[in-house]
Amino acid sequence: MSEQNHESIFQDALGRLDVAGKYAEIDQETIQRMQHPIQIIQVAIPVRMDDGSLKIFPGYRVRHDATRGPTKGGIRFHPEVNLEEVKALSLWMTCKCAVMDIPYGGAKGGVIVNPKELTPLELERLSRGFIERIADFIGPDTDIPAPDVYTNERIMGWMMNEYSTIVRKHSPDVITGKPIALGGSLGRSAATGRGAYHCVKQLEKKKAWNPKEITVAVQGFGNAGQSVAELLHKDGYHIVAVSDSKGGIYREEGFDIPSLMHAKNESRVLKAVYCEGSVCEAVDAETITNEELLELDVDILIPAALQDAITKENAEKISARVIVEVANGPITIEADGILDQKEDLIVIPDILANAGGVTVSYFEWVQNRTGDYWTEEMVNHRLEGVMCKQFDHVYELMEEHSISMRTAAYVLALNRIGAAVIATGTSAYFSNKD
Ligand code: NAD
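Residues numbered from 1 in each chain as written. Predicted model: local features only at pLDDT ≥ 70, side-chain atom pairs only at ≥ 80, totals over all residues. Heavy atoms only, no water.

> Help me out: how do you make sense of the overall build of the protein in this one?
Counting secondary structure elements, the protein contains 15 helices and 12 strands. Scaling as 2.2 N^0.38, a compact globule of 434 residues should have a C-alpha radius of gyration of about 22 Å, and the protein matches this with 21 Å. Its C-alpha atoms give the protein principal-axis dimensions of roughly 65 × 65 × 50 Å. Burial status across the protein gives 58% buried among its 434 residues. When contacts within the protein are restricted to residue pairs at least 6 apart in sequence, those whose partners lie at least 24 apart make up 70%. Positive and negative side-chain charges in the protein, numbering 44 and 63 respectively, have mean positions lying 5 Å apart. (Helix = DSSP H or I, 4+ residues; strand = E, 2+ residues; numbered from the N terminus. Rg over C-alpha atoms; globule rule 2.2 N^0.38 Å. Buried < 20%, exposed > 50% of the residue type's maximum accessible area, 1.4 Å probe, protein only. Contact = heavy atoms within 4.5 Å. Lys, Arg positive; Asp, Glu negative; His and termini not counted. Charge placed at Lys NZ, Arg CZ, Asp CG, Glu CD.)

> I keep staring at the sheet that holds strand β6 (residues 215-219) and nothing clicks. Help me out?
Paired through backbone hydrogen bonds, the strands of a sheet run either parallel or antiparallel to each other. Taking strand neighbours across the sheet as the criterion, the 7 strands line up as β9-β8-β7-β6-β10-β11-β12 in an open arrangement whose pairing is mixed. Two strands in the sheet have a free side with no partner beyond their single neighbour: β9 (286-288) and β12 (346-348). Strand-to-strand, the axes of this sheet are offset by a mean angle of 20 degrees, without reference to chain direction. The pairing of strand β7 (residues 238-244) with strand β8 (residues 247-250) spans 4 bridges and is antiparallel. Residue pairing for β8: Asp244 is matched across the bridge by Gly247. (Pairing = 2+ DSSP bridges. Axes fitted to C-alpha atoms, helices over the stretch in contact; angles between N-to-C directions.)

> What is the right way to read the site of the ligand from this model?
Neighbouring the ligand are 19 residues; Thr192, Asn223, Ala224, Asn290 and Ala305 lie closest to it. Ser245 places a main-chain nitrogen or oxygen 3.1 Å from an oxygen atom of the ligand. Expressed as a share of its isolated accessible area of 820 Å², the protein-covered part of the ligand is 71%. Residue assignment for the shell around the ligand shows that the elements contributing at least two residues are α7 (223-234) and β7. For the shell around the ligand, the per-class residue count stands at 7 nonpolar, 10 polar and 2 charged. (Near = heavy atom within 4 Å. Polar contact = N/O pair within 3.5 Å; in protein donor to acceptor, adjacent residues only side chain to side chain. Areas by Shrake-Rupley, 256 points an atom, 1.4 Å probe, with all protein chains shown as cover. Nonpolar A, V, L, I, M, F, W, Y, C, P; charged D, E, K, R; others polar.)

> What should I look at first to understand the side chain of Lys87 in this one?
Locating Lys87 in the fold gives a position in helix α3 (residues 83-99). For Lys87, a relative accessible area of 14% puts it in the buried group. Once you skip the residues sitting within four places of it in the chain, Lys87 turns out to touch Phe10, Pro37, Ile40 and Val62.

> Help me understand helix α10 (residues 333-340), please; the structure alone is not making it clear to me.
Every buried residue of α10 is accounted for by Ala335, Asp336 and Leu339. The buried residues of α10 occupy an angular sector of 105 degrees when the element is viewed end-on, so they sit on one face. (Arc of directions from axis to C-beta.)

> Explain the packing of helix α6 (residues 191-207) against α7 to me, please; I cannot follow it from the model alone.
Running from N to C, α6 and α7 point in directions that differ by 45 degrees, and their axes come no closer than 7 Å. Between α6 and α7, the interaxial angle falls into the category oblique. Considering the relative orientation of α6 and α7, their crossing is right-handed. Judged by residue contacts, Thr192, Gly193, Arg194, Ala196, Tyr197 and Val200 of α6 engage Ala224, Ser227, Val228, Leu231 and Leu232 from α7. (Parallel < 35°, antiparallel > 145°, perpendicular 65-115°, else oblique. Left-handed = near helix turned anticlockwise from the far one by under 90°.)

> Can you walk me through a negative patch on the surface in this structure?
Among the surface-exposed residues, Glu25, Glu396, Glu399 and Glu400 lie close enough to one another that they form a single negatively charged patch. For Glu396, the position within the fold is in helix α13 (residues 376-401). (Patch = residues over 30% accessible without salt bridge, like charges linked within 9 Å, V, L, I, M, F, W, Y side chains within 5 Å. Salt bridge = Lys/Arg side-chain N within 4 Å of Asp/Glu carboxyl O.)

> It is not clear to me how the nonpolar core should be interpreted in this structure. Could you clarify?
Most often, soluble globular proteins have nonpolar side chains that are buried together. The biggest cluster of nonpolar side chains holds 83 residues, and the ones touching the most others in it are Ile302, Val324 and Ile348. With 10 residues, helix α14 (residues 405-424) is the single largest residue contributor to this core. Not counting chain neighbours up to four residues away, the residues in contact with Ile348 comprise Cys199, Leu203, Val322, Ile323, Val324, Glu325, Ala353, Phe391 and Met405. (Core = buried A, V, L, I, M, F, W, Y, C linked by side-chain atoms within 4.5 Å.)

> Please explain the packing of α6 against helix α12 (residues 356-370) as it appears in this structure.
In a packed pair of helices, the relevant descriptors are the angle between the two axes and the axis-to-axis distance. In the contact formed by α6 and α12, the axes pass within 7 Å of each other and the chain directions differ by 120 degrees. As summarised for this structure, α6 and α12 are arranged oblique, according to the angle between their axes. Taken as a pair, α6 and α12 cross one another with a handedness that is right-handed. Seen from α6, the contacting residues are Ala191, Thr192 and Gly195; seen from α12, they are Gly356, Gly357 and Val360. Along the lines of polarity and charge, the residues of the contact of α6 with α12 split into 2 nonpolar, 4 polar and no charged.

> Even after reading the chapter, I still don't get the side chain of Asp173, so can you show me in this structure?
Along the chain, Asp173 falls in the loop between α5 (153-167) and α6. At 3.4 Å, the side chain of Asp173 forms a polar contact with the side chain of Arg369. The residues touching Asp173, leaving out its near neighbours within four places in the chain, are Pro140, Ile144, Trp365, Asn368 and Arg369.

> Teacher, can you tell me more about the pairing of strand β2 (residues 54-65) here?
Inspection of the sheet shows strand β1 (residues 39-48) paired to β2 by 10 bridges, in the antiparallel sense. Paired with Val43 across the bridge in β2 is Gly59. Counted along the chain from β1 to the antiparallel partner β2, the turn is 5 residues long, and its residue Gly52 has a positive phi close to 95 degrees. Relative to strand β4 (residues 105-112), β2 runs antiparallel, the two sharing 6 bridges. Along β4, the bridge assignment pairs Gly59 with Val111.

> What exactly am I supposed to notice about the packing of aromatic side chains here?
Within a pair of aromatic rings, the relevant descriptors are the distance that separates the centres and the angle that separates the planes. As enumerated under the stated definition, the model contains 7 aromatic pairs in all. On the basis of an interplanar angle of 90 degrees and a centroid distance of 5.6 Å, the ring pair of Tyr104 and Tyr362 is categorised as edge-to-face. Linking Tyr104 in the loop between α3 and β4 with Tyr362 in helix α12, this pair joins segments that are 258 residues apart in sequence. A relative accessible area of 0% places Tyr104 in the buried class. Joined through ring pairs, the aromatic side chains of Tyr104, Tyr362, Phe363, Trp365 and Trp374 make up one cluster. (Phe/Tyr/Trp six-rings, centres within 6.5 Å; stacked < 30°, edge-to-face > 60°.)

Encoded structure:
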């Protein structure tokens with residue numbers, strides 16, 4: 001990606017806020033604040049490699065806004081991490097937490113590394129090294145990291161342990177997405193898919209669908225994609241296509257999702273060497289490409305893989321009636337413009353559709369702070385309450401202003417952040433003393 005593109009990611013994110021700003025009841029100081037992350041830390045992490053050599057990995061932590069509470073956001077390990085992307089992701093986190101009305105601002109972190117090239121011990125040293133560098137900036141009351149692309153619960157466990165060592169206090173509430181044995185929350189691993197499922201169920205009520213007549217395609221049959229597919233399947237939806245990085249499969253009558261999950265995650269029955277461990281080997285079905293999956297004539301399309309899946313090149317060819325953005329940023333801003341022209345197409349935006357994950361992360365933090373651990377039923381029940389309530393808020397704003405659901409979600413976020421900004425006093429307050 002060119003430097004030019006890097007720069008535009010944060011500007012694009014701000015552009016979406018500007019559009020929503022026209023409908024939000026806010027003081028302009030809110031937008032002014034959103035344009036400037038409150039803190040940006042750049043670090044260099046020296047790691048002793050297994051062969052005795054030294055490698056230095058660059059990393060970032062960006063705290064975007066803390067008006068509504070401590071900042072929250074994942075840590076990404078990826079070779080293409082760059083500061084502008086981390087800034088944009090931190091802004092999205094501010095908005096996502098506001099949409100869900102959880103008392104956090106937004107943050108994000110990243111390390112430039114290909115973790116697949118590291119041994120487990122090197123990965124542990126890197127994870128601990130990153131925390132050692134940012135320990136003065138994070139904390140249970142200031143900034144609470146979580147997993148993101150190529151970081152997982154084991155890495156969160158190492159990071160929590162490292163932070164606890166540095167502050168000489170057991171601090172499970174400094175990070176979420178931890179293993180259950182180290183203070184993680186029940187229900188966290190399925191939370192993102194479950195949150196997206198509740199969005200679909202709310203839409204089902206509004207549109208009076210019969211799930212048995214609805215077809216669904218899921219791009220990215222990983223953690224979040226599998227969870228949402230499994231829950232929809234249980235309710236009678238026909239999941240007719242799924243894919244992973246190696247390709248996709250299509251079956252007109254729909255898949256039995258539990259068997260597919262079993263085949264992908266455990267048995268790994270080989271049908272074709274080229275797609276070992278991939279969904280395309282799992283069952284008898286038509287093999288399709290990821291591009292074909294996106295263009296299928298289905299009712300619901302769920303991009304649950306990576307960002308930028310739908311671009312200006314393929315947006316025109318999208319036939320789905322509903323898109324549920326489980327991935328972060330799967331639709332580029334140009335593609336958004338094209339999809340907006342399609343009458344009756346509803347896009348449930350990422351800052352709502354995939355917010356089940358950060359919501360249960362918040363539940364995890366609450367449990368760590370109180371020492372009162374909830375059952376999985378409690379977690380799921382509370383998640384359902386939050387998702388349905390905020391979905392309805394966004395939907396009402398969409399109808400009230402005749403805007404897209406994405407813009408409506410940003411309006412809701414801005415209204416909430418704006419109320420907090422006004423409560424601290426804006427120029428309207430300070431310059432009118434009479
Ligand atoms: P994951 O790694 O478990 O699954 C990702 C899946 O996508 C894998 O099956 C992978 O093979 C597949 N994939 C990769 N490239 C692909 C491509 N080009 N085409 C089709 N499939 C491809 O990750 P996850 O946790 O399920 O996250 C998926 C998306 O959801 C990411 O964009 C992530 O940022 C977003 N998200 C996840 C969470 C969470 O809690 N897991 C929360 C918010 C957002």
